[in-house]
Amino acid sequence: MFSRSGLPDLTEILSKSKEMNSFAHFKIWVLTLCMVFQSGHGFYLPGSYPHKHGIGDTLSVKVNSITSIETEIPFSYYSLPFCKPLEGVKDSAENLGEVLMGDRIENSPYKFKMYTNESDIFQCQTDPLSGENFKLLKKRIDEMYQVNLILDNLPAIRYAKKESYFLRWTGYPVGIKFQDAYYVFNHLKFTVLVHKYEEANVAHVMGTGEAAEVIPTIASGGSELPGYMVVGFEVVPCSVMHDAKSVKNLKPYEKYPSPVKCDPTTVAMPIKENEPIVFTYEVTFEESDIKWPSRWDAYLKMEGSKVHWFSILNSLMVITFLAGIVLVIFLRTVRRDLTRYEELDKEAQAQMNEELSGWKLVVGDVFRAPTNAGLLCVMVGDGVQLLGMAVVTVMFAALGFMSPASRGTLIIGMILFYMILGISAGYVAVRLWRTIGCGDKKGWVSVSWKVACFFPGIAFFILTTLNFLLWGSHSTGAIPFSLFVVLIFMWFCISVPLTLVGGFFGAKAPHIEYPVRTNQIPREIPAQKYPSWLLVFGAGTLPFGTLFIELFFIMSSIWMGRVYYVFGFLLIVFILLVVVCAEVSLVLTYMHLCVEDWKWWWKSFFASGSVAIYIFLYSVNYLVFELKSLSGPISEALFLGYSLLMALAIMFAMGSVGFLSSFWFVHYLFSSVKLD
């Protein structure tokens, strides 16, 4: 976790003090430099500044969409009969990533005062439950929906004791079913952990990402009131039987007539049709030793999401060892063939040419244009774009720029990097197209357009289909029509032009010259003892072995509501995956050339791209055995749809790695030895 002390706004300071002389200006710059180099202050990322609150300051709790691992379909908090704020429901500012993730952050009726303990606070009494609301509430309880609250950008966390250890969960359940009766959690016991603000001897700007304020923190002999930062937000839900008649004349935030005892081990408030529900809460503030940069540690160490480092490192060592052996054997075999041929004199070489076998016999066909060459160029171009997006995104996430504290930044980063890297997609696809066409520039615009629309078109079709399902369910996960228009605008006004620019540069760049000539008549491929494509699709097992453990944690983060944070390790796994995919494709290409199979183009692509098949099969296995409680055809369709999109993206990315590495190898191999 990085941190950053806000720099003082020198323009604002100077505008307020026009009579400051040059010496005063010098002092400001000295203070600025001192603040930058203070050892007690690190580097806070934009939008994650700590916010100082004085005693008695109002703290507003926000609500997010209610979620469930039973359905994976989020809904608005106010879709259920909960209390609403007096000023009305207002949406908080949301970024593109939050909307795409299904987050709907709104204000709530919960109001706290910094470092002021309050108990037995009456919130509201709902209208009598209509038949529709009664059935909806029971359905949400059956589907185990969780209420998600946010205070100062921290989600509410709930601790549950199981045997001798504690389980940590974000949010709390709407209610619980017990002996055929449904109980709602209508009393919340909040605990807010605060840390005393550590003042610096300079003036600087602090903010929460939504607003900024100048906070004078120059020491004044301790006369200032202490300030506090929120470093923890805990909730204990209770089901309490309230007397609806006793609150008829109560107004929100007034004291409940009798003390409310919160016992999380018992339930007492059954919901009944045509009867109202009374909601209350209490809040306690506790001073904590947790510092602001470490306040997310409790969320990143949730039970069940700890990375089993020993198992993963053991897997990495085994895969690296196997890949190293394959690479060494492969290099020794190729080097031996080349060395043996180069040591012969011309007469012996001429005699040997008549007895050639293996890859040397396909010299006149190895660079013959493949079938559907245009499609191959498009898929390789899209794969390079996806690969670059993944590498850059994971690198930025590993550096802390896309921490869980900044909701939606990961999605925004992926979209931004994908659009920018359209230049590389157009360049690679068009240059490969010109290489296959022996330098012909004709058709490069068409290739660029296809690259810009092929994978995005597939993704758009899958996401639109899934979005119709979410629209039909009235879920907050459904993308609004206005956002659809924005995404299409970004696609055709940013991504497509950048891809065309890349294609233009690809058309201007020199094409790759083949080291050997291609015969006019293709050579017949000998009959094989086993189907070559069977070996190609089986090759994906080795790359899959490098990431299947990490894949479990990624899928648990997506579908089980856990926080994924080990992006540094993910970067290592991803690099290892790319290396293994390149090696596997090289080996398979060499094996096919040795049996005189010169149709290596598509096979090299799918040799490494076939890892996507095993990833999708693993997703199905995860659905069957890990998401047993996932209910409803819509939820299953969402899971399979997103899994298919992920598998296709990996196939394009890893397939391009395999093809480009094989192309480099074949070009190097046949340019190293001259065969007539």
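In this report, we go over the structure that sits alongside the text. As the structure is a prediction and not an experimental result, all values here were calculated from the model.

What follows is about the state of the cysteines. Counted under the stated rule, the structure contains two disulfides. Disulfide partner of Cys83: Cys124, at an S-S distance of 1.8 Å. Taking the torsion about the sulfur-sulfur bond, which here is approximately -85 degrees, the covalent link between Cys83 and Cys124 counts as left-handed. Linking Cys83 in the loop between strand 2 (58-63) and helix 3 (96-100) with Cys124 in strand 4 (residues 118-125), this pair joins segments that are 41 residues apart in sequence.

If you trace the backbone, Ser130 turns up in the loop between strand 4 and helix 4 (131-142). Among the residues examined, Ser130 registers a relative accessible area of 32% and is labelled partly exposed. Residues Ser130 and Asn274 lie 144 residues apart in sequence; the distance between their C-alpha atoms is 5.7 Å.

This part takes up helix 12 (residues 481-508). Here helix 12 is 28 residues long and its end C-alpha atoms lie 40 Å apart, about the 40 Å a rise of 1.5 Å per residue gives. Bending of helix 12 peaks at approximately 30 degrees at the position of Trp491.

Turning next to the side chain of Ser68. By the secondary structure assignment, Ser68 is in the loop between strand 2 and helix 3. Engagement of the side chain of Ser68 in a polar contact is seen with the backbone oxygen of Glu143, the distance being 2.4 Å. Not counting residues up to four positions away in its chain, the partners in contact with Ser68 are Ile73, Glu143, Met144 and Tyr145.

Pairing between strand 11 (residues 175-178) and strand 12 (residues 181-184): four bridges, direction antiparallel. Across the sheet, the residue bridging to Lys177 is Tyr182, located in strand 12. In this antiparallel pair of consecutive strands, strand 11 and strand 12, the connection spans two residues, and Gln179 shows a positive phi of 55 degrees.

Okay, the sheet that holds strand 3 (residues 106-113) next. Sheet strands associate in pairs through backbone hydrogen bonding, adopting either a parallel or an antiparallel arrangement. Overall, antiparallel pairing links the four strands, which are arranged 3-2-6-7 in an open sheet. Of all the strands in the sheet, just strand 3 and strand 7 (154-155) have a single pairing partner and so form its edges.

A few words now on a nonpolar patch on the surface. On the surface, a cluster of nonpolar side chains totalling about 410 Å² of accessible area is made up of Val445, Trp449, Phe460, Ile488 and Phe492. When contributions to the nonpolar patch are tallied by element, the ones reaching two or more residues are helix 11 (444-472) and helix 12. If you tally residues by element for the nonpolar patch, the top one is helix 11, at three residues. Here Val445 shows up in helix 11. When its relative accessible area of 39% is taken as the criterion, Val445 is described as partly exposed.

A few words on the packing of helix 10 (residues 422-436) against helix 11. Contact pair helix 10 / helix 11: the axes reach a minimum separation of 9 Å and the direction vectors enclose 135 degrees. In terms of axis orientation, helix 10 runs oblique to helix 11. Between helix 10 and helix 11 lies a crossing whose hand is right-handed. Each of Ala425, Gly426, Ala429, Val430 and Trp433 in helix 10 lies in contact with helix 11, whose residues at this interface are Trp444, Val447, Ser448 and Val451. Broken down by class, the residue content of the contact of helix 10 with helix 11 amounts to seven nonpolar, two polar and no charged.

Let us now look at the packing of aromatic side chains. Enumeration according to the criterion identifies 47 aromatic pairs in this entry. Measuring from ring centre to ring centre gives 4.9 Å for Trp559 and Phe639, while their planes differ by 55 degrees; the resulting arrangement is tilted. Here Trp559 is found in helix 14 (residues 541-559), whereas its partner Phe639 is found in helix 18 (residues 633-672), with 80 residues between them in sequence. A relative accessible area of 0% places Phe639 in the buried class. Taken together, Phe460, Phe468, Trp471, Phe484, Trp491 and Phe492 form an aromatic cluster joined through their ring pairs. In this arrangement the basic side chain of Arg140 is found over the ring face of Phe75, its NZ or CZ atom lying 4.0 Å from the centre. The cationic tip of Arg368 hangs over the ring face of Trp598; the distance from NZ or CZ to the ring centre is 5.7 Å.

Summed over the entire model, instances satisfying the criterion amount to seven salt bridges. A salt bridge links Arg140 to Glu143; the shortest N-O distance between them is 3.2 Å. A residue is classified by how much of its surface remains accessible, and Glu143, at 16% relative accessible area, is buried.

Along the polypeptide, Asn148 turns up in the loop between strand 5 (146-147) and strand 6 (149-151). For Asn148, a relative accessible area of 16% corresponds to the buried category. Polar side-chain contacts of Asn148 include one of 2.7 Å to the backbone oxygen of Ser65. Side chain to side chain, Asn148 and Thr67 meet in a polar contact 3.2 Å long.

Scoring rules and cut-offs
- Residues numbered from 1 in each chain as written.
- Predicted model: local features only at pLDDT ≥ 70, side-chain atom pairs only at ≥ 80, totals over all residues.
- Heavy atoms only, no water.
- Disulfide = S-S within 2.5 Å.
- Helix = DSSP H or I, 4+ residues; strand = E, 2+ residues; numbered from the N terminus.
- Buried < 20%, exposed > 50% of the residue type's maximum accessible area, 1.4 Å probe, protein only.
- Expected span 1.5 Å × (residues − 1).
- Bend = angle between axes of the 7 residues up to and from the residue.
- Polar contact = N/O pair within 3.5 Å; in protein donor to acceptor, adjacent residues only side chain to side chain.
- Contact = heavy atoms within 4.5 Å.
- Pairing = 2+ DSSP bridges.
- Patch = residues over 30% accessible without salt bridge, like charges linked within 9 Å, V, L, I, M, F, W, Y side chains within 5 Å.
- Areas by Shrake-Rupley, 256 points an atom, 1.4 Å probe, with all protein chains shown as cover.
- Salt bridge = Lys/Arg side-chain N within 4 Å of Asp/Glu carboxyl O.
- Axes fitted to C-alpha atoms, helices over the stretch in contact; angles between N-to-C directions.
- Parallel < 35°, antiparallel > 145°, perpendicular 65-115°, else oblique.
- Left-handed = near helix turned anticlockwise from the far one by under 90°.
- Nonpolar A, V, L, I, M, F, W, Y, C, P; charged D, E, K, R; others polar.
- Phe/Tyr/Trp six-rings, centres within 6.5 Å; stacked < 30°, edge-to-face > 60°.
- Lys NZ or Arg CZ within 6 Å of the ring centre and 35° of its normal.

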